[in-house]
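One-letter residues, chain by chain:
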2 protein chains.
Amino acid sequence: MGSAFGANVIHDAEYYILEAQNGKVWAVEDEKLDQKLVELRQKYDTPPNIIHYLWDDQPVMSFGDPIYQKIRGYETPQLNKLANEGMLFSRMYTEPGCTPSRSAVLTGQLAIRTGTWEIGFPIEYTGLAAENVTLAEVLSQAGYATGFYGKLHLGDTEESYPHNQGFDEAFWALYNQVTSLYNNMGEGANAIIGMKEELLAENPYQRDRTFIQDEAYVFYLEGKKGEQAKEWRDGSRELQDYKDFDIESRKRALAFIRGNAEAKKPFYVAWWPLWMSFISEPKKVTLQRGMVGEEYQRVIEPDIEALRTTLEELGIAENTLIVAMSDNGPMTHNPPPGAGLGEGLFTGGKGDFTEGGVRVAAAALWPSVIEPGQLAGDMIHEVDLFTTFARLAGARQYIPSDRVIDGIDQTALLLKGDTHGRRDYNFIYQGPDLAATVKDQYKIHWTSKDPSQAKSGLTAVYDLYNDHREVNPIVVGGFHMKEPFKRMRARHELWKEKYPDRHHKRAPAYTGIANARPETIAISQPPAALKELPYDVLEFIEKLDDLPYDATGDPGPGE
Amino acid sequence: MGSAFGANVIHDAEYYILEAQNGKVWAVEDEKLDQKLVELRQKYDTPPNIIHYLWDDQPVMSFGDPIYQKIRGYETPQLNKLANEGMLFSRMYTEPGCTPSRSAVLTGQLAIRTGTWEIGFPIEYTGLAAENVTLAEVLSQAGYATGFYGKLHLGDTEESYPHNQGFDEAFWALYNQVTSLYNNMGEGANAIIGMKEELLAENPYQRDRTFIQDEAYVFYLEGKKGEQAKEWRDGSRELQDYKDFDIESRKRALAFIRGNAEAKKPFYVAWWPLWMSFISEPKKVTLQRGMVGEEYQRVIEPDIEALRTTLEELGIAENTLIVAMSDNGPMTHNPPPGAGLGEGLFTGGKGDFTEGGVRVAAAALWPSVIEPGQLAGDMIHEVDLFTTFARLAGARQYIPSDRVIDGIDQTALLLKGDTHGRRDYNFIYQGPDLAATVKDQYKIHWTSKDPSQAKSGLTAVYDLYNDHREVNPIVVGGFHMKEPFKRMRARHELWKEKYPDRHHKRAPAYTGIANARPETIAISQPPAALKELPYDVLEFIEKLDDLPYDATGDPGPGE
């Protein structure tokens, strides 16, 4: 802990603009912060335990805001208590979708840099590449025990498995909530389309039986570092398995916490429940009766309560930092019926570059350190957790210095409170495209449905305080911001020439599973069930990366 | 106070459906509430003072919600304190525009019943008719002193003047915030269009000099019951007059309060600031820098602080009920530039029948009675204040019984708290049309841009908890609610055959002003400046009522 923090971390270009102006103040501040961290470590005889609890699709206000909850017809007393006793964030940014968000927080890099910007569905034949350095790897080097429990959604290749990415143990779902539908009930509810062949009319026009082969999908795996993975429940993927998965995650996460607490070993737990089953319980317990309200009660609230009770029982609550947050905005575009996933205060939701896509509910609790009852107006990004957790764990020297780390150290925000954040910018990518850039309270949209803006250089700026829904661009009034925004983008892109974006890595799926089923093995290389093809299968799956991405059409609400 | 409350009040048809099911419980509850009110009156030797503080265009969450304010970049510590020490409403409904809203709260009737559903601009030649019975008239009969200070926006005819509508004294603005623009600065800012002829090029094509005659407009009047009105500042209408007006309102409201407190006379004060000047101060004091954030600091916050300090000083704070609220949703359609009037959590704003138009920020403080720190999820409507205030003042017998009073007594909600409201419905008019109906958490849109819904009987129902933005109609899943909603509407409309809607009353404008200027007198009957016309001027202004209303086009966001 000798050298100034961040000396060996390559930041994004914009950070250096801030450092040039604030570096001296920050250096003085950092000395005191380091001293405080040393005192804490002496007091507790260990660096802090870190629990990152993350779930899907919840806009700012979803918890910690009683009036929002009254309007929406549900309550989360456990989460609200957590927020009240800690720091609630009003400006936590994430990537706009599950896969990029989860990748970003684990690597400290925007998903564009690791090629993980696409939301995955089975079978992907790709996943987080081994060359990436995850938070689990960084913290492991500093002596932390690391465990992953819940929805990972970072691919189906062997190298993407969390126990191959630095976690000591893992119990995880490979994909997202749609797996709650990939069973006979989903077909009965017309919630999936033509997946379950045994329930469909015999199709005399069908010529290809390899187009969808859901019986080969792998939903849930478990694994320990250095060992092969094992499929949970031997490949059963019924709705009940989906619902049991979060209960099992809770059990394992708490056991891991207990084991390490008793062994007096600091730990880092990524506990990311699958939560929202897309087939609801008929019996409702909230006024909302939407999946959101209901699944808070079924999964999140009991998780948080059990977590906090366990930490108290173990006597480690004071020295444990919990960050509870969502991974991206609500699924406002074509949500499952009755999900309750409407827009929050912002325009747009999952997949969008407007604030509704990337600004989420988040709070941090650290009883001995974070002043209770705080509301932070500072900008913070999920990638900052990577860098901040590394500092708190005394692991900053293990952050790789051969790539841009987007995460900024936000220790000062946690320890000193509101207005002590160190971020004033955000480059918002939508898939592979830089769609918007935020600077302080201003935001420029680089893409727009309005060609007068997008194509002719009249790109407009939005004032996020004054126009939080990004509907009334400041055109004339914001012209003085246009060239500064362009310079900011140019710096960001030039820096990439030195530190280029990487691709994700295509590979056979589902390898490294000890109890792999025959149908799983058969599908691991597509379309491997076919004996003879005039092309190479691996060459074929690598071509997937070259597909044009905007085949999906709608660039989001923009203007 | 002998007979059961409401025995002589004619409610809307739907209320009787509720009474038939809840009447017995409510009767028992009412006895206890009456007893409590008697005890309070004995304790304080007077019924409670009532202060209704109302301002424009603020969605739910605008105050009392720190995270909303952090996101929007402004703070209202005084209002938040008021909300924290009293009851914050999550479901206060109003009419969707200023004029109908102000009329509704003063008469206890939806604006459709009094013909006041149109937002007025100078010169209207109409206003609240004398036949209406206002809250000031009702409370005056029970011995209350009554004062009006601020923006009335209920017409420019003599009978609409507040001192002719039951207020002992009044100091008021006849129109809304646009009067902040009707001066040379407005023309300089291009914020008004071609109004100030002396600043425009000589127009050789102009043939009619009576089309706009702004020099005749009257913006600010004062008056005392039984006397003629007097124009404030002798007709000066500069921007500074606009800004001074709220300061003067504050001075007079507090003097009125002080005078009556010292005379030990209970009082009712309607204090409705003009607040949001559409020409801003160049120097900003909030991060938002929008008119909303800025004008909270300039007007509303100092008002609330001065009010509470004064009540404390006078020793009457405990026995004074303050209701602080907005009159309708934000002006989301074509707002003034930089207003900061974006949508809140709901779709739409001022003028819309979606929740964004009619659901507002509101709180009630009554230190000796309302339990502090409450958040009410009950439905309440501004018309309920009429009926509730009348009960609290011991004035229910003065509520007229020859018309439908839409207001429901909500004393139980104030005194017993969350879940004790008595309303579960709302008929939402947009101008003269019934546009939507709310029942409990469900809402039907009677008008829609989608003809498959609006014309063929597939009208859809929205679940306000699950889909608070009213974007995903429950069609098939809500069919069981369609016929009950139709019956509800039929009852509402049949009841109108017995108690028909009234028209507002056309009349000459600006009569009864002691110091009327010559140009004002000249314009009082349009187009009175012209010597000879082949038609009758009064007949002409009454024809205004027959104009088709939807000439304005857009029915709002609907679907």
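Refer to the structure presented above.
The shown structure was predicted, so the numbers you read here are calculated from the model rather than taken from an experiment. (Residues numbered from 1 in each chain as written. Chains lettered and ligands numbered in written order. Predicted model: local features only at pLDDT ≥ 70, side-chain atom pairs only at ≥ 80, totals over all residues. Heavy atoms only, no water.)

Colleague: Help me understand the overall build of chain A, please; the structure alone is not making it clear to me.
Modeller: When you go through chain A residue by residue, the secondary structure sums to 16 helices and 15 strands. Computed over the C-alpha atoms, the radius of gyration of chain A is 23 Å, within 12% of the 24 Å expected from 2.2 N^0.38 for a compact globule of 559 residues. Principal axes of the C-alpha set define a box for chain A whose edges measure 70 × 65 × 50 Å. Taking all 559 residues of chain A together, the buried fraction comes to 62%. Once local pairs closer than 6 in sequence are excluded, the contacts in chain A between residues at least 24 apart make up 73%. Taken as a whole, chain A presents about 21100 Å² of accessible surface, with 53% of it coming from carbon and sulfur. Computed over 58 positive and 83 negative side-chain charges, the separation of the two mean positions in chain A equals 3 Å. (Helix = DSSP H or I, 4+ residues; strand = E, 2+ residues; numbered from the N terminus. Rg over C-alpha atoms; globule rule 2.2 N^0.38 Å. Buried < 20%, exposed > 50% of the residue type's maximum accessible area, 1.4 Å probe, protein only. Contact = heavy atoms within 4.5 Å. Areas by Shrake-Rupley, 256 points an atom, 1.4 Å probe, with all protein chains shown as cover. Lys, Arg positive; Asp, Glu negative; His and termini not counted. Charge placed at Lys NZ, Arg CZ, Asp CG, Glu CD.)

Colleague: Looking at this structure, I do not really get the environment of B:Ala253. What am I missing?
Modeller: All names here are of chain B. Of note, Ala-253 is situated in helix H8 (residues 239-262). Taking the relative accessible area as the measure of exposure, Ala-253 reaches 0% and is therefore buried. For Ala-253 and Glu-532, which are 279 residues apart along the polypeptide, the C-alpha to C-alpha distance reads 46 Å. Excluding anything up to four places from it in sequence, Ala-253 contacts Tyr-149 and Trp-271.

Colleague: Explanation requested: the relation of the copies chain B and chain A in the structure shown.
Modeller: Look at the two chain copies: a rotation about an axis and a shift along it is all it takes to match them. Least-squares fitting of chain B to chain A yields an RMSD of 0.0 Å, with the superposition described by an axial translation of 0.0 Å and a rotation of 180°. The symmetry that links the two subunits is that of a two-fold axis. Among all residues of chain B, the one whose C-alpha sits closest to the rotation axis is B:Leu345, at a distance of 2.4 Å. Comparing interface residues between copies, 100% of those in chain B also sit at the interface in chain A, which points to an isologous, same-surface contact. (Least-squares fit on C-alpha atoms with pLDDT ≥ 70 in both.)

Colleague: I'm lost on the packing of aromatic side chains in this one. Help?
Modeller: To describe a pair of aromatic rings, you give the distance between the ring centres and the angle between the ring planes. All names here are of chain A. Throughout the structure, instances matching the rule amount to 50 aromatic pairs over all chains. With a centroid separation of 5.2 Å and an interplanar angle of 85°, the aromatic rings of Phe-171 and Trp-232 are classed as edge-to-face. Of this pair, Phe-171 sits in strand S4 (residues 169-173) while Trp-232 sits in the loop between strand S6 (230-231) and helix H8 (239-262); the two residues are 61 residues apart in sequence, bridging distant segments of the chain. The exposure class of Trp-232 is buried, given its relative accessible area of 7%. (Phe/Tyr/Trp six-rings, centres within 6.5 Å; stacked < 30°, edge-to-face > 60°.)

Colleague: Can you help me understand the interface of chain B and chain A in this one?
Modeller: Listed as interface residues are 41 residues of chain B and, on the opposing side, 41 residues of chain A. A combined buried area of about 3200 Å² lies between chain B and chain A, and 61% of that area is made up of carbon and sulfur atoms. Among the ionic pairs, B:Asp463 bridges to A:Arg289, the shortest N-O distance being 3.1 Å. The interface formed by chain B and chain A holds 16 residue pairs in polar contact (both at pLDDT 80 or more) in total. At the level of elements, helix H2 (66-72), strand S2 (87-93) and strand S10 (374-376) of chain B are the ones that each hand at least two residues to the side of chain B that touches chain A. Taken together, the residues of the side of chain B that touches chain A break down into 19 nonpolar, 13 polar and nine charged. (Buried area = accessible area lost by both parts, 1.4 Å probe. Salt bridge = Lys/Arg side-chain N within 4 Å of Asp/Glu carboxyl O. Polar contact = N/O pair within 3.5 Å; in protein donor to acceptor, adjacent residues only side chain to side chain. Nonpolar A, V, L, I, M, F, W, Y, C, P; charged D, E, K, R; others polar.)

Colleague: Mind showing me how you'd approach the pattern of salt bridges here?
Modeller: Pairing between side chains of opposite charge can happen when the charged atoms of each approach one another. Residues and elements named next belong to chain B. Counted under the stated rule, the structure contains 96 salt bridges over all chains. Glu-519 is the partner of Arg-517 in a salt bridge, and the nearest nitrogen-oxygen pair spans 3.1 Å. The class for Arg-517 is buried, based on a relative accessible area of 12%.

Colleague: Help me out: how do you make sense of the sheet that holds strand S12 (residues 425-430) of chain A in this one?
Modeller: Sheet strands pair by backbone hydrogen bonding; their relative direction is either parallel or antiparallel. All names here are of chain A. If you walk across this open sheet you meet the four strands as S12-S13-S14-S15, and the pairing is antiparallel. Lying at the two open borders of the sheet, with one neighbouring strand each, are S12 and strand S15 (461-463). The sheet shows a mean angle of 25° between the axes of neighbouring strands, direction not considered. Pairing geometry for S12 and strand S13 (residues 433-439), over six bridges, is antiparallel. Bridge pairing in S13 places Phe-427 opposite Thr-437. Lying on the sheet, helix H1 (residues 13-44) is in contact with S12 and S13; it crosses S12 at an angle near 170°. Seen against the sheet, helix H14 (residues 482-498) touches S12, S13, strand S14 (442-445) and S15 and runs at an angle of roughly 125° to S13. (Pairing = 2+ DSSP bridges. Axes fitted to C-alpha atoms, helices over the stretch in contact; angles between N-to-C directions.)

Colleague: Explanation requested: the sheet that holds strand S12 (residues 425-430) of chain B in the structure shown.
Modeller: All names here are of chain B. As summarised here, the arrangement of the four strands in space is S12-S13-S14-S15, forming an open sheet in which the pairing is antiparallel. Unpaired on one side and paired on the other, S12 and strand S15 (461-463) mark the two borders of the sheet. Within the sheet, the average angular offset between the axes of one strand and its neighbour, ignoring direction, is 25°. As paired elements, strand S13 (residues 433-439) and strand S14 (residues 442-445) share four bridges and run antiparallel to each other. Looking at S14, one finds that Ala-436 is bridged to His-445. Those strands touched by helix H1 (residues 13-44) are S12 and S13, and its axis lies near 170° from that of S12.

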